[in-house]
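Architecture and fold: a report
Single-letter residue listing:
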Amino acid sequence: MSEESNRADVSEKPPPPNWILQHPTYQQIKSLEVEDSAQVHVAFLVYMDLTEVRQWKGVSCVKSPELQVVLLEGREKEGAPVQTVLPLPAHRSLSHKSIRQVLDRGFPMLLCAVASDSTLVYQRMTDGLVTPDPPAGPFQDLGRRQHRKRRQKH
């Protein structure tokens, strides 16, 4: 019986109160001394999503002195190019100039809007226009009509 009670004690420990504030990465982000505490919080949430959920490699936190924000840099997978992620609270506005400053870092950029309920929405930002990929699937041209109709498989 003592083995069962020891296992229960070890596996069911509640997390410490305010565990986010005690997390080493949160402390590192705070040490960058960005004035906007909401941006610091969302940067940590995005960091956790990238590293724990999406399994990105080599994610690091960098301060942008011009924008006074925390940027995250990392790779989607081993050997992939480095990408810059700009985490922002959803209510915060963003100018073309600030997007340009992040794009000028030379890495592909993802904007991550974080809602008040911690929902994350990623948007890829590019320098200039990018031609979209052609639609996937079998399509049939119907002559002069301006729309396409999917072929039905039998």
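Overview of the structure. Bear in mind the structure is a predicted one, so any value in this text is a computation, not a measurement.

Re helix α4 (residues 37–53)
In this model, α4 (17 residues) spans 24 Å end to end at C-alpha, consistent with the 24 Å of a helix rising 1.5 Å per residue. With 12 of 17 residues buried, α4 lies mostly within the body of the structure. Turning to α4, its buried residues number three or more, namely Q39, V40, V42, A43, F44, L45, V46, Y47, M48, D49, L50 and T51. Measuring from the backbone nitrogen of A38 back to the side-chain oxygen at the start of α4 gives 3.1 Å, which picks out D36 as the cap. Positioned one or two residues after α4, Q55 has a phi angle of 60°, which is positive.

A closer look at the packing of aromatic side chains
Any aromatic ring pair is given by two values, namely how distant the centres are and how the planes are angled relative to each other. Evaluated as defined, the whole model comprises 2 aromatic pairs. Members of the aromatic cluster, each reached through a chain of ring pairs, are W19, Y26 and F44.

Examining the nonpolar core
By size, the foremost hydrophobic cluster in this structure holds 22 residues, and its most contacted members are I29, V46, L50, V70, L72, V85 and Y122. For this core, the secondary structure elements donating two or more residues are α3 (24–31), α4, β1 (57–64), β2 (69–75) and β4 (109–114). At 9 residues, α4 tops the list of elements feeding residues into this core. L50 has contacts with Q55, W56, V59, L72, V85 and Y122, leaving out every residue within four places of it along the chain. Counting residues in each nonpolar core, the second largest holds 11 residues, with V102, L103, M109 and L111 among its members.

Some words on the pairing of β1
Pairing analysis gives 6 bridges linking β1 to β2, with the strands arranged antiparallel. Its bridge partner being in β2, S60 is matched across the sheet by E73. What sits between the antiparallel neighbours β1 and β2 is a turn of 4 residues, in which Q68 has the positive phi angle 55°.

Concerning the side chain of S64
Tracing the backbone through its elements, the reader meets S64 in strand β1. Its relative accessible area of 4% is what places S64 among the buried residues. At a separation of 3.2 Å, a polar atom in the side chain of S64 contacts the side chain of E66.

Things to note about the environment of L111
Residue placement: L111 occurs in strand β4. Take L111: its relative accessible area is 18%, and that puts it in the buried class. Ignoring anything within four residues of it in the chain, the contact list for L111 reads L86, L88, L94, V121, Y122, Q123 and M125.

With respect to the side chain of Q83
Positionally, Q83 belongs in strand β3 (residues 83–89). A polar atom in the side chain of Q83 sits 3.0 Å from the side chain of R124. What Q83 contacts, discounting residues up to four positions off in sequence, is W56, L72, E73, G74, E76, F107, P108, L110 and R124.

Thresholds applied
- Residues numbered from 1 in each chain as written.
- Predicted model: local features only at pLDDT ≥ 70, side-chain atom pairs only at ≥ 80, totals over all residues.
- Heavy atoms only, no water.
- Helix = DSSP H or I, 4+ residues; strand = E, 2+ residues; numbered from the N terminus.
- Expected span 1.5 Å × (residues − 1).
- Buried < 20%, exposed > 50% of the residue type's maximum accessible area, 1.4 Å probe, protein only.
- Polar contact = N/O pair within 3.5 Å; in protein donor to acceptor, adjacent residues only side chain to side chain.
- Phe/Tyr/Trp six-rings, centres within 6.5 Å; stacked < 30°, edge-to-face > 60°.
- Core = buried A, V, L, I, M, F, W, Y, C linked by side-chain atoms within 4.5 Å.
- Contact = heavy atoms within 4.5 Å.
- Pairing = 2+ DSSP bridges.

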